[in-house]
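Listed below, chain by chain, are the residues.
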Amino acid sequence: APVMPTSAIAKPIQDNDCAKGPIVEATPDKNGSNIIIAVALLVLYFGMNLVFNIYNKWLFNGPLPAPVFVTATHQVFCFAGALLAACCAPDSWYKRTPLEGSAMITKLMIIPFGFCMNIGLNNISLLFCTLALNQLIRSFAPVTVAIASYFIEGKSYSFPKQATLAFLVLGIVLGVSSSPDFEFLGFIICTASVVGSTLQVVLTGYFMGGQKVTLHVFDILLYTAIPCIAFLIPMAYLVGDHIKLIEAFEAHGPAQFFGLVFAGGLMAFSYNIITICLIKFTSSVYYAVAGGFKVCLVIGMSFVFFDQKISTLSFIGIIISCMAFVGNSYLTFREKQQKKEQVQRKSLEEENEGLLSGKQKVVEESV
């Protein structure tokens, strides 16, 4: 599972129009070196996401069954890395965005709440359900965001997109309900994490009121990691992670205990670094589409690394949901591309009109 809300990195495929791309996107040059770099970063992104998900599942069901505490340690590593970047990185790569304006503060207040419900509950669910079912249930997020956006913001969707969402629901219901590994508690917790992700996306759009806030992913880590930790520590105590921590420390010794924590934290920060580089060399749109294929990859490989059972109906449901998820990603990709082309066309028309009329173009500044 990602270690930070995806809307903090880039606009996710299930997201609405409330969160704009928080880091500067660069269109890759059509030369061989940039294409090779982009492909290499895409491979690293898929590989790191797969390794991170498998590592967390193994860790929570084996040597360190304290998912909320481990999630908090991930935030510690991410904060330390972001702080190091703020102090040492060149301005051309990262320059800290100062805190200013109510819109920015509002977004930064919502992110820790959404993170704890989204990622915290998701990691807890790995104690009770298989990785395949976890990813299958998590792929329901585009549906919940679409429903919430319709009722709260009045947002409408095209018929093809409604069709992909309907097939996504069909596939998930079929895949989850007929799975021999189905556990009700794990299903409820994982579903709650999806609701948390949806609340974060929709509430951000509702409270932001269309205001644009541009933040680098390191800004998000720098400003929200400490509040996230403040939320996660009491949550870890309530679910009994402190008891499991003592047992794990005594059973495995300090060297292995801190080694496992360090490995997870390093992967968490590395995942964010790879994500930043991938978006910079491609765009947040391509990153979002990659997220659709990532789900299919994790579900497939989970059967290789873990002892998971599957029925014929469950297999059919997984295939339908994966195809629908990728289809929804593709349609969103096309919508974003068309919207981008419309903005560029409108800007060009305004410039041409200004040249013909002799009037200067008025540039509007957004928050």
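Residues numbered from 1 in each chain as written. Predicted model: local features only at pLDDT ≥ 70, side-chain atom pairs only at ≥ 80, totals over all residues. Heavy atoms only, no water.

So, on to the overall build of the protein. If you tally the helices and strands in the protein, you get twelve helices and zero strands. Sequence-ordered secondary structure for the protein, helices as α and strands as β, is α-α-α-α-α-α-α-α-α-α-α-α. Sequence separation of at least 24 residues holds for 88% of the intrachain contacts in the protein that already meet a minimum separation of 6. (Helix = DSSP H or I, 4+ residues; strand = E, 2+ residues; numbered from the N terminus. Contact = heavy atoms within 4.5 Å.)

Quick look at the packing of helix H5 (residues 131-138) against helix H7 (residues 159-177) now. The axes of two packed helices give the description: the angle between them and the distance between them. Interhelical geometry of H5 versus H7 gives an angle of 155° and a closest axis separation of 10 Å. Compared by their axis directions, H5 and H7 come out roughly antiparallel. Judged by the sense of rotation from one axis to the other, the crossing of H5 with H7 is left-handed. From H5, Leu133, Leu136 and Ile137 reach across to H7, where they touch Ile172, Gly175 and Val176. Looking at the contact of H5 with H7 residue by residue, the class counts come to five nonpolar, one polar and no charged. (Axes fitted to C-alpha atoms, helices over the stretch in contact; angles between N-to-C directions. Parallel < 35°, antiparallel > 145°, perpendicular 65-115°, else oblique. Left-handed = near helix turned anticlockwise from the far one by under 90°. Nonpolar A, V, L, I, M, F, W, Y, C, P; charged D, E, K, R; others polar.)

The subject of this paragraph is the environment of leucine 266. With respect to the helices and strands, the residue leucine 266 is situated in helix H10 (residues 241-281). Spatially, the C-alpha atom of leucine 266 lies 9.5 Å from that of glycine 81, the residues being 185 residues apart in sequence.

Moving on to the state of the cysteines. Within this structure, the stated rule accounts for zero disulfides. The closest cysteine sulfur to the non-disulfide-bonded cysteine 190 is located on cysteine 129, 5.2 Å from its own sulfur. Cysteine 228 takes part in no disulfide bond, and the closest cysteine sulfur, belonging to cysteine 116, lies 5.1 Å away. (Disulfide = S-S within 2.5 Å.)

This part is about a nonpolar patch on the surface. A contiguous nonpolar surface patch, about 570 Å² in accessible area, is contributed by Ile310, Leu313, Phe315, Ile316, Ile319 and Met323. By the element assignment, isoleucine 319 lies in helix H12 (residues 312-357). (Patch = residues over 30% accessible without salt bridge, like charges linked within 9 Å, V, L, I, M, F, W, Y side chains within 5 Å. Areas by Shrake-Rupley, 256 points an atom, 1.4 Å probe, with all protein chains shown as cover. Salt bridge = Lys/Arg side-chain N within 4 Å of Asp/Glu carboxyl O.)

The N-to-C vectors of helix H3 (residues 67-88) and helix H9 (residues 217-238) enclose an angle of 155°; their axes lie 8 Å apart at closest approach. Between H3 and H9, the angle is such that the two are roughly antiparallel. For H3 against H9, the interelement crossing comes out left-handed. Facing H3, whose interface residues are Val68, Phe69, Thr71, Ala72, Gln75, Val76, Cys78, Phe79, Ala82, Leu83, Ala85 and Ala86, H9 presents Phe218, Leu221, Leu222, Ala225, Ile226, Cys228, Ile229, Leu232, Ile233, Met235 and Ala236. When the residues that make up the contact of H3 with H9 are grouped by side-chain class, the tally is 21 nonpolar, two polar and no charged.

It is worth spelling out the nonpolar core at this point. Core analysis: the biggest nonpolar cluster contains 39 residues, and Tyr45, Leu59, Leu64, Tyr94, Leu131, Phe218 and Phe257 have the highest contact counts within it. Elements represented by at least two residues in this core include exactly helix H2 (32-60), H3, H9, H10 and helix H11 (284-305). Per-element accounting of this core gives the leading share, twelve residues, to H10. Not counting residues up to four positions away in its chain, the partners in contact with leucine 131 are Asn53, Ile54, Lys57, Leu126, Val298, Ser302, Phe306 and Gln308. Formed by 20 residues, the second largest nonpolar core is a distinct cluster that contains Leu133, Leu165, Val176 and Ile299. (Core = buried A, V, L, I, M, F, W, Y, C linked by side-chain atoms within 4.5 Å. Buried < 20%, exposed > 50% of the residue type's maximum accessible area, 1.4 Å probe, protein only.)

It is worth spelling out the confidence of the model for the protein at this point. With 80% of its residues at a pLDDT of 70 or more, the protein shows a mean pLDDT of 79. When mean pLDDT is compared element by element in the protein, H5 scores highest at 92, while helix H1 (residues 6-9) scores lowest at 38. For residues 5-29, every residue scores under 50 in pLDDT, and the model assigns this stretch 80 contacts once sequence neighbours within four places are set aside. Within the model, pLDDT remains below 50 along residues 361-367, and this stretch shows eight contacts once partners closer than five positions in the same chain are excluded. (pLDDT = per-residue confidence, 0-100.)

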